[in-house]
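# Report on the structure
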Amino acid sequence: MADQQAKEFEVKVGGAGKEVLRSSGQADAASGEAARYDPWVIEAKWQKRWEEERVFETEADPSKPKYYVLEMLPYPSGTMHMGHMRNYAIGDVVARVKRMRGFNVLHPMGWDAFGLPAENAAIKNNTHPRTWTNNNIAEFQRTLRRFGFSYDWRREISTCEPEYYRWNQWFFLRMLERGLAYRKKSRVNWCPKCCTVLANEQVIKGYCWRHEDTLVEVREIEQWFLKTTAYAEQLIDDLKLLEGQWPDRVITMQRNWIGKSEGARVKFAVADVAGAGEIEVFTTRIDTIYGATAIILAAGHPLVAKLLEGSPTRAEAEIRLGKMRLASVKAEDLETAEKVGFFTGRHAVNPFSGERIPIWVGNFVLMEYGTGAIMAVPAHDERDLEFCRKYGLPVRVVVQPAHGEPLSGETMQAAFTEHEVGKLVNSGVYDGLSVDDAIIAMSAHAMEKGFGQRETTYRLKDWGISRQRYWGTPIPVVYCAKDGIVAVPDKDLPVILPADVPLTGEGGSPLAATPEFVNTTCPKCGGLARRETDTMDTFVDSSWYFYRYCDPHNDQAPFDSAKIGYWFPIDQYIGGITHAILHLLYSRFWCKVMRDLGLVTHSEPIARLFTQGMVLKGGVAMSKSKGNVVGAIDMAEKYGADTGRLYMLFANQPEKDLEWSEDSIEGAWRFVNKVYRLVERHAAGLHEVVARTASDLAAASEKERRLLRKTHDTLRRVTHDFDARWHFNSAIALIMELHNEIHGAEPLEQGVRPEVRKEVLELLTLMLAPMTPHLAEELWEMLGHTGGLWTVAWPLFNAELAKEDEVEIVVQVNGRVRGKLVVATGLSEAGVVSKALADPAVAGHVGAKRVVKQIVVPDKLVNLVVK
């Protein structure tokens, strides 16, 4: 891949061989010309100008069309590498193009600054998380400024500052008032090394995502939750608003994560244990209930302990239970994980057939989904079939396909799940019904008899936000012996995270070991009270941060709703596919809560989403932990920021991964040098010249005609790449081809008037401006302009000039392709037919036959109908 990228650069740029970078003024080995391009001076110069002129600062202005473009805010850890730079470069191109197209552009930046990694790094380095975080922020900001990204830095936010997390607490209290925030005891994933709760997504094959050597434990503790399930229906329904604007893959991932299922909840009575009651299962296929050959419970099901009482194999079963609970299986791993289970020695009664079926415990049944119990129907569910085959449980077919050989439970190798073409068998009075009719009839019977009811369930669970660590937003409640859980009043916000806290990484929340923080008074009765010592999940910080950018210094509210009304929704959000579920789902939830609080009027915060590809080195995504990063500052110091930007945008389409190549970035370096020298050679003589297209091409020289056509055709195609499809790589390739055309026409002074020369060089400069902005500003100034490019609109191409001189025409005979012709653009119908008949390949298929009809699509196709 790297070799191919290098070759592509050589083809576009010209020349060959690896070039070692030199300081400004040394000779270029390939051309022998002075390499006077000095990005280190040029880039500092224009960044200073942009700052002095406040070019990228913006305010809401209803008289102008707005465009809010945003890259996902970074977590400031260590130093930035070129893998980070890619999405910022993409966003910056979009922001600059939109400004040139007349939009009022909001393009802000901030820091996702709370979190466990900062706390762990601070412990490791014997420093405070705030110090460690702020030092990293300073380094990140230095890097982003060095690359010249067009951010409005006045709007910078950091989520670890009280001015920001005060509003996390304010939102929490509003949700608490509405029953959307609540506390309950729940089973959680616990990392004994992190000493905190992990989300299911942070458990990888039973191990902590941060510590591959640390098995995750399952504990039951008191936790704070946000009721995301209250919005489950809206979250899934509103995905249709995003279709065509978000990647299909992301929409599918969210739809599956929310996991809406319509079915029935059915009760199976426990047969062997007095007082054990009933086991409830949720099923989308009640039509298969006669095929249930076992009930399987999750290891954490509350009935398991009761079922094992008095069992002669209880001791052995407890050992197995312990192992299952320790090696928890994530929902997304259920398909591939080995199915493990054991028989409890007890039975349940099928409410339809009256049959006694065994009760098992299985590792692939999860307590957090459904009811924590399933009916195993192995003939019609693949996971059930795998489990039942392993343990010798019966396989009973109760739905036969409408066509083909009948299925046999003894011999079938795969479950039959195509219910749309099935008929019921072995199902009593329901035999012969279609699956859909059986579901209706059997659900009605279960409801009539009182052992079942129709139900809609969601895979989505409420969001557990409690974290037993220090570096996060304090949860604003206190516990009073008299008044119970009491909210901290708004006037007492923010609850400040104390600075002097012992950090060891062990023993639960560090705040709990800080008496000055814990001990307080009750806002209701004034008596002694204890503060909550859990902090909020950092996904809270990132769920609404893009609203704060619109009003970052507001100390009376999270934001001014009028400003939000102007800027939202976000027109373009850019970030990695890794955030497809949690961050984006929580952001959508938060938006709907804010809408219901009357703070916003929209239901979705992000109009368009783009997920960029990864930057790889050695076939693996750049990562400090993998030891394969290429430092962003290092690249800027070696090649200049514009060279780094150009390479990142050229190496592949932005949605695809790219493999880092040092050879290819040197190709980008050679290209920017050649463009600089090209303009420099001609600029001095063009200062007083006004660029003007020769309107009468007939009067233009052949050289002028060729240059103008190439330039305007390039502008047309680059404009399309920017506006319609984001193929920045192909846009750069087109600009490289234009450069080669201009360079090949040297000396330009011969046969090209000054006004044409200036137009061609100006358009070349303007097309480069979004991608290599420092270079473009310098070239624009060289060409005699005193105002910066921030005052210049995106150029319009001349449609007449942008037409190709020649086009390729497909020639058909009786509808079949028989040849291709290259003809002058706009050639008449008669001329096209004449040339087609004169082509030997076509003439061979026409022969002595008569042309009875000719169909011509101008500049595209001719079809000769012959007899």
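Quick look at the structure, then. Just so we're clear, the structure is a prediction, and the values are computed from it rather than from any experiment.

### Thoughts on a negative patch on the surface
- Side chains of Glu418, Glu420, Asp436 and Asp437 sit close together on the surface and give a patch of like negative charge.
- Along the polypeptide, aspartate 437 turns up in helix α12 (residues 435-449).

### Points about empty space enclosed by the protein
- Under the defined criterion, the tally for this structure stands at two cavities of 30 Å³ or more.
- The wall of the largest cavity is formed by Ile809, Val823, Ala824, Leu827, Val832, Val856, Val857, Pro858, Asp859 and Leu861.
- Secondary structure elements with two or more residues in the lining of the largest cavity: β32 (816-824) and β33 (851-857).
- Among the residues making up the lining of the largest cavity, the classes are represented as nine nonpolar, no polar and one charged.

### A word on the pairing of strand β13 (residues 341-349)
- With two bridges connecting them, strand β10 (residues 260-270) and β13 associate as antiparallel partners. Bridge pairing in β13 links valine 270 to alanine 348.
- Sheet analysis places β13 next to strand β14 (residues 356-362), joined by seven bridges and oriented antiparallel. Its bridge partner being in β14, arginine 346 is matched across the sheet by isoleucine 359.
- Joining the antiparallel neighbours β13 and β14 is a turn of six residues, in which glycine 354 adopts a positive phi near 75 degrees.

### A few points about the packing of helix α4 (residues 116-124) against helix α5 (residues 129-146)
- In contact at an axis separation of 8 Å, α4 and α5 are set at 110 degrees when each is read in the N-to-C sense. Comparing the axis directions of α4 and α5 gives the class roughly perpendicular. Only Pro129, Trp132 and Thr133 of α5 make contact with α4, whose side of the interface consists of Ala118, Glu119, Ala121 and Ala122.

### A word on the sheet that holds strand β5 (residues 181-191)
- The four strands lie next to each other as β6-β5-β9-β19, forming an open sheet whose pairing is antiparallel. Both outer strands of the open sheet, β6 (196-198) and β19 (463-464), are each paired with one neighbouring strand and no more.
- Two elements, strand β9 (residues 217-226) and β19, share two bridges in a ladder whose sense is antiparallel. Bridge pairing in β19 places phenylalanine 225 opposite glycine 464.

### Overview of helix α8 (residues 248-258)
- Of the positions making up α8, those classed as buried are Val250, Ile251, Gln254, Trp257 and Ile258. When α8 is viewed along its axis, its buried side chains cluster within an angular range of 130 degrees and face the same direction. Across α8 from its buried face, at more than 90 degrees, point the exposed residues Asp248 and Arg249.
- With its phi angle positive at about 60 degrees, glycine 259 sits one or two positions after the end of α8.

### A look at the environment of alanine 441
- By the secondary structure assignment, alanine 441 is in helix α12.
- Judged by its relative accessible area of 28%, alanine 441 falls in the partly exposed class.
- Expressed as a C-alpha distance, the spacing of alanine 441 and tyrosine 430, which sit 11 residues apart in the sequence, is 8.3 Å.
- Contacts of alanine 441, omitting those with residues within four sequence positions, involve Tyr430 and Leu433.

### Details of the pattern of salt bridges
- As enumerated under the stated definition, the model contains 55 salt bridges in all.
- Here arginine 265 ties to glutamate 455 by a salt bridge, and the two come within 2.9 Å at their closest N and O atoms. Residue arginine 265 is found in strand β10, and its partner glutamate 455 is found in strand β18 (residues 452-458); the two are separated by 190 residues along the sequence.
- Of the residues examined, arginine 265 reaches a relative accessible area of 22% and is grouped as partly exposed.
- The closest approach of N and O atoms between arginine 705 and glutamate 702, which form a salt bridge, is 2.9 Å. Within this pair, arginine 705 and its partner glutamate 702 are both found in helix α20 (residues 702-725), separated by three residues, close to a single helical turn.
- Among the charged side chains, a network of salt bridges with common partners joins Arg54, Glu57, Glu59, Asp152, Arg154 and Arg155.

### Remarks on the sheet that holds strand β30 (residues 658-659)
- Strand order in this open sheet of three strands is β29-β28-β30, and the pairing throughout is mixed. A single partner strand is all that each edge strand has here, and the edge strands are β29 (620-621) and β30.
- The sheet contact formed by strand β28 (residues 615-617) and β29 spans two bridges and is antiparallel. Each bridged residue has a counterpart across the sheet, and for lysine 617 the counterpart in β29 is valine 620.

### What to know about the environment of glutamine 47
- Mapping glutamine 47 onto the fold places it in helix α2 (residues 39-53).
- In the structure, glutamine 47 is positioned 100 residues away from phenylalanine 147 in sequence and 9.2 Å away in space, judged by C-alpha atoms.
- Every residue in contact with glutamine 47, bar those within four places of it in the chain, is listed here: Arg145, Arg146, Phe147, Gly148 and His774.
- Here arginine 145 takes part through its backbone oxygen, which lies 3.3 Å from a polar atom of the side chain of glutamine 47.
- One polar contact links glutamine 47 to histidine 774, side chain to side chain, over a distance of 2.9 Å.

Parameters at a glance
- Residues numbered from 1 in each chain as written.
- Predicted model: local features only at pLDDT ≥ 70, side-chain atom pairs only at ≥ 80, totals over all residues.
- Heavy atoms only, no water.
- Patch = residues over 30% accessible without salt bridge, like charges linked within 9 Å, V, L, I, M, F, W, Y side chains within 5 Å.
- Areas by Shrake-Rupley, 256 points an atom, 1.4 Å probe, with all protein chains shown as cover.
- Salt bridge = Lys/Arg side-chain N within 4 Å of Asp/Glu carboxyl O.
- Lys, Arg positive; Asp, Glu negative; His and termini not counted.
- Charge placed at Lys NZ, Arg CZ, Asp CG, Glu CD.
- Helix = DSSP H or I, 4+ residues; strand = E, 2+ residues; numbered from the N terminus.
- 1 Å grid on protein atoms, 1.4 Å probe; cavity = no way out; pocket = protein on both sides within 12 Å on 5 of 7 lines; lining within 4 Å.
- Points joined across faces, edges and corners; volume = space filled by probe spheres on them.
- Nonpolar A, V, L, I, M, F, W, Y, C, P; charged D, E, K, R; others polar.
- Pairing = 2+ DSSP bridges.
- Axes fitted to C-alpha atoms, helices over the stretch in contact; angles between N-to-C directions.
- Parallel < 35°, antiparallel > 145°, perpendicular 65-115°, else oblique.
- Contact = heavy atoms within 4.5 Å.
- Buried < 20%, exposed > 50% of the residue type's maximum accessible area, 1.4 Å probe, protein only.
- Arc of directions from axis to C-beta.
- Polar contact = N/O pair within 3.5 Å; in protein donor to acceptor, adjacent residues only side chain to side chain.

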